[in-house]
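Commentary on secondary and tertiary structure
These are the residues of each chain, in order.
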Amino acid sequence: TCVPCPLVSLGCAVPVVVGKYWVWTVPELRAVVSLDVSNPSKPKEVSRLVFGGEMEPHWMAKDESGTRLVVNTGGHGGDSRMYLLRINPKTGALSKDPKTPVLEMGTVEVPGIGDVVAKPHGAVFAR
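Small disclaimer: the values here were computed from a predicted structure and weren't measured.

Description of the overall build of the protein chain
Secondary structure summary: the protein chain contains zero helices and 11 strands in total. Beginning at the N terminus, the succession of helices and strands in the protein chain can be written as β-β-β-β-β-β-β-β-β-β-β. Each of the 127 residues in the protein chain was classed as buried or not, and the buried ones make up 39%. Taking the contacts inside the protein chain whose residues are at least 6 apart along the sequence as the reference set, 43% of them involve residues at least 24 apart. Surface exposure of the protein chain reaches about 7,300 Å², of which carbon and sulfur atoms provide 59%.

Set out below in structure tokens:
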């Protein structure tokens, strides 16, 4: 099936491209989708990873290898978690990384200040 772009609000989230796959956070579906765009006039959804609860994926970044994605919510819906996902660059299949825990970013201890409420609103990979 194809995810028609007009049904998805653009917001400020930016998709990532891994090979011939356009990977996009879709808050309305509470999901991240991978589209095969080898034929740009007929994109085809090849994978969808749906999150439970109030998780509304927002920002996403890929690592240098293009096999790992970090996704956060931007604090929308009261959810401040960050997730590490995997993408198979040959098939576009998405999966949660089984070796990495979900990071709760809702309350962060800041030295000299104490606990503060955090709302992650961006994602990057760095070496």
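Resuming the write-up.
Here we look at the pairing of strand E10 (residues 107-110)
Pairing between E10 and strand E11 (residues 114-117): four bridges, direction antiparallel. Within E11, the position partnered with Thr107 by the bridge is Val117. The antiparallel hairpin formed by E10 and E11 contains three residues in its connecting segment, where Gly112 sits at a positive phi of about 85°.

Quick look at the packing of aromatic side chains
Taken as a whole and judged by the stated rule, the model has two aromatic pairs. With a centroid separation of 6.0 Å and 75° between ring planes, the pair formed by Trp22 and Trp24 is classed as edge-to-face. Taking relative accessible area as the criterion, Trp24 reaches 6% and is therefore assigned buried.

Section: the nonpolar core
For soluble globular proteins, the rule of thumb is that nonpolar side chains tend to be buried together. Val23, Val32, Phe51, Met60, Leu69, Leu85 and Leu94 are the most contacted members of the largest nonpolar core, which has 14 residues in total. Every element with two or more residues in this core is listed here: strand E1 (16-18), strand E6 (68-72) and strand E7 (81-87). Of the residues forming this core, the biggest block, three residues, is contributed by E7. When sequence neighbours within four positions are dropped, the list of residues in contact with Val23 reads Pro15, Val16, Val32, Val33, Ser34, Met60, Leu69, Ile87 and Leu94.

Observations concerning the confidence of the model for the protein chain
Per-residue confidence for the protein chain averages 80 on the pLDDT scale, and 77% of its residues sit at or above 70. Averaged pLDDT values over the elements of the protein chain bottom out at 72 in strand E9 (residues 103-104) and peak at 95 in strand E4 (residues 44-50).

Overview of the side chain of His58
On the secondary structure map, His58 appears in the loop between E4 and strand E5 (59-62). Polar side-chain contacts of His58 include one of 3.2 Å to the side chain of Trp59.

Quick notes on the side chain of Ser34
Examined against the element boundaries, Ser34 turns out to sit in strand E3 (residues 31-36). Polar side-chain contacts of Ser34 include one of 3.0 Å to the backbone oxygen of Gly92.

Calculation notes
Residues numbered from 1 in each chain as written. Predicted model: local features only at pLDDT ≥ 70, side-chain atom pairs only at ≥ 80, totals over all residues. Heavy atoms only, no water. Helix = DSSP H or I, 4+ residues; strand = E, 2+ residues; numbered from the N terminus. Buried < 20%, exposed > 50% of the residue type's maximum accessible area, 1.4 Å probe, protein only. Contact = heavy atoms within 4.5 Å. Areas by Shrake-Rupley, 256 points an atom, 1.4 Å probe, with all protein chains shown as cover. Pairing = 2+ DSSP bridges. Phe/Tyr/Trp six-rings, centres within 6.5 Å; stacked < 30°, edge-to-face > 60°. Core = buried A, V, L, I, M, F, W, Y, C linked by side-chain atoms within 4.5 Å. pLDDT = per-residue confidence, 0-100. Polar contact = N/O pair within 3.5 Å; in protein donor to acceptor, adjacent residues only side chain to side chain.

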